[in-house]
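Fold and contact review
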Amino acid sequence: MIGIIGSGAMGTGIAQVAAAAGENIILFDTEKSALEEAKINLDSTLKKLVEKGKISADDAKNIFGRIHFASHLDEFKSCELVIEAVVENLEVKRNLFSNLEKIVSTDCVLATNTSSLSITSIASACAKPGRVIGIHFFNPATVMPLVEIVKGVATESQVEKNIKSKIELWNKIAVLAKDTPGFIVNRVARPFYGEAIRIYEEGIADIPTIDEAMKELGGFKMGPFELMDFIGNDVNYTVTETVWKQFFHDPKYKPSLTQKRMVEANLLGRKTGKGYYNYEQPQTSDIRLQSINIKPQIFNRILVMLINEAADALYYGVATKEDLDLAMTKGVNYPKGLLMWADEIGVEKVLAEMEKLYSEYCEDRYRPSVLLRKMVREKRKFYS
Ligand SMILES: NC(=O)c1ccc[n+]([C@@H]2O[C@H](COP(=O)([O-])OP(=O)(O)OC[C@H]3O[C@@H](n4cnc5c(N)ncnc54)[C@H](O)[C@@H]3O)[C@@H](O)[C@H]2O)c1
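Residues numbered from 1 in each chain as written. Predicted model: local features only at pLDDT ≥ 70, side-chain atom pairs only at ≥ 80, totals over all residues. Heavy atoms only, no water.

**Points about the site of the ligand**
Around the ligand, the surrounding shell holds 22 residues, and the nearest of these are M10, D29, E88, K93 and S115. E88 has a polar side-chain atom sitting 2.5 Å from an oxygen atom of the ligand. The separation between an oxygen atom of the ligand and a polar side-chain atom of N113 is 3.0 Å. Burial of the ligand by the protein amounts to 73% of the accessible area it has alone, namely 830 Å². Among the detected pockets, the ligand sits in the largest pocket. Contributions of two or more residues to the shell around the ligand are made by α1 (9-20), α4 (90-100) and β6 (132-137). Taken together, the residues of the shell around the ligand break down into 10 nonpolar, eight polar and four charged. (Near = heavy atom within 4 Å. Polar contact = N/O pair within 3.5 Å; in protein donor to acceptor, adjacent residues only side chain to side chain. Areas by Shrake-Rupley, 256 points an atom, 1.4 Å probe, with all protein chains shown as cover. 1 Å grid on protein atoms, 1.4 Å probe; cavity = no way out; pocket = protein on both sides within 12 Å on 5 of 7 lines; lining within 4 Å. Sits in = over half its atoms within 2 Å of the grid points. Helix = DSSP H or I, 4+ residues; strand = E, 2+ residues; numbered from the N terminus. Nonpolar A, V, L, I, M, F, W, Y, C, P; charged D, E, K, R; others polar.)

**A look at empty space enclosed by the protein**
Under the counting rule described, the total for this entry stands at two cavities of 30 Å³ or more. For the largest cavity, the full set of lining residues is R190, P191, G194, E195, T240, K252, Y253, K254, M305, N308, E309 and R365. Of the residues in the lining of the largest cavity, the class split is three nonpolar, three polar and six charged. What the second largest cavity holds in volume is close to 30 Å³. Surrounding the second largest cavity, R190, Y193, G194, I197, T240, K254, P255, S256 and Q259 form its lining. Sorting elements by how many residues they give to the lining of the second largest cavity places helix α8 (residues 190-201) first, with four residues. (Points joined across faces, edges and corners; volume = space filled by probe spheres on them.)

**Description of the pairing of strand β7 (residues 146-151)**
Counting buried residues along β7, five of its six residues qualify, which places the element largely inside the surrounding structure. Pairing of β6 with β7 involves five bridges; the strand directions are antiparallel. Opposite I135, over in β7, you have I149 as the bridge partner. Sheet topology places β7 next to strand β8 (residues 173-178); six bridges connect them, and they run parallel. When the sheet's bridge partners are listed, K151 is paired in β8 with K178. After leaving β7, the chain enters helix α6 (residues 157-169) and then returns to the sheet as β8, a path that is right-handed. (Buried < 20%, exposed > 50% of the residue type's maximum accessible area, 1.4 Å probe, protein only. Pairing = 2+ DSSP bridges. Right-handed = clockwise from strand over helix to strand, strands pointing away.)

**Thoughts on the domain arrangement of the protein**
Domain assignment breaks the protein into domain 1 (2-179) and domain 2 (187-384). The C-alpha-based centres of domain 1 and domain 2 are spaced at 31 Å. Of the residues lining the interface, 11 residues belong to domain 1; the matching set on domain 2 comes to 11 residues. A combined buried area of about 900 Å² lies between domain 1 and domain 2, and 61% of that area is made up of carbon and sulfur atoms. At the surface where domain 1 touches domain 2, the tally comes to zero salt bridges. Taken together, domain 1 and domain 2 are joined by four residue pairs in polar contact (both at pLDDT 80 or more). Here the side of domain 1 that touches domain 2 gets five residues from one element, more than from any other, and that element is β8. For the side of domain 1 that touches domain 2, the per-class residue count stands at nine nonpolar, one polar and one charged. (Domains from an automatic or database assignment. Contact = heavy atoms within 4.5 Å. Buried area = accessible area lost by both parts, 1.4 Å probe. Salt bridge = Lys/Arg side-chain N within 4 Å of Asp/Glu carboxyl O.)

The following block contains the structure:
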């Protein structure tokens, strides 16, 4: 039996994923209305999948039938694994796990779907922190194939191994990440947004040109500004700010004033109708500030910043090179793994671009990863 706590967007999605893989689920929320809503949403999602011919009517009935909606945590007694997807608040999660330990068996694994909190700090509220682990799904959990498995300082290796196998049985791609801010994806992806905004702030290019550069030259499905509008500028800003604070204000992750003002102006993106683009009245006339010749410069600058971040994450043991590349292609749809991309461009070229930025701006934000320097010195590639 798999227990899921919090029946919001993530908890409901995770319940569907696990039930579709044949698990029996028990879903709980402190808000009765949230649980009711989850029931209605699950039912309608499954019906839509039947209509589209993705699953049979029997499948839908079985998946729904495997999810039990609980009114009390006491019903979690026989769970082998509990995943919490409650509000992103450290004290709430710590209290929840500490209370759960009094209900579940001693070998039940306690997992958190947190995006930004330290697994270690959640685990330390428990008498048995070795059983606490991060299982980070991406939104929407039913669609996004990636799951980051995050081991806290005290997490037992066997727990990590068992959870990885289980998540793979749920038809997801599992990568292992160290308990560091943003884990893999929410850390390595920061320059995609931050450097794009910086280029705009410097007046080097306008927003549509930056988006086009990344799509046309890089093969990204969405440009940085389109993606920020899609994610929500408030959500994107909060992730950046959290990662920056947790890295003790490392300038590499410093949030931008432009984005802060967008949030203050309630220009949150698609969900408010306006963000970097206007979704209420899509513009027809497109006045551009500059010629297309600027696009390669924009693309190179953002790409080398991304590669530099991935190289740094590898150097500090956040994940293996394979998992770093897998995470970016499966978690945020990048057209290629960043380290693979670096090999294709040439690590020397990437380092040269970073050094150029660093000497031009004299900002720590542009410091090249020590790994890039070492690799160039030793004439190494990431894969070979
Ligand atoms: N939304 C995302 O894009 C996303 C992606 C990955 C991870 N996460 C993480 O997943 C978690 C949940 O996010 P969400 O977007 O589903 O939130 P949500 O607000 O949609 O749902 C949270 C649910 O938890 C319930 N809840 C709050 N405190 C509770 C408690 N003590 N016990 C039981 N239920 C409680 C709330 O009533 C609510 O229904 C957060 O930790 C978030 O950081 C979110």
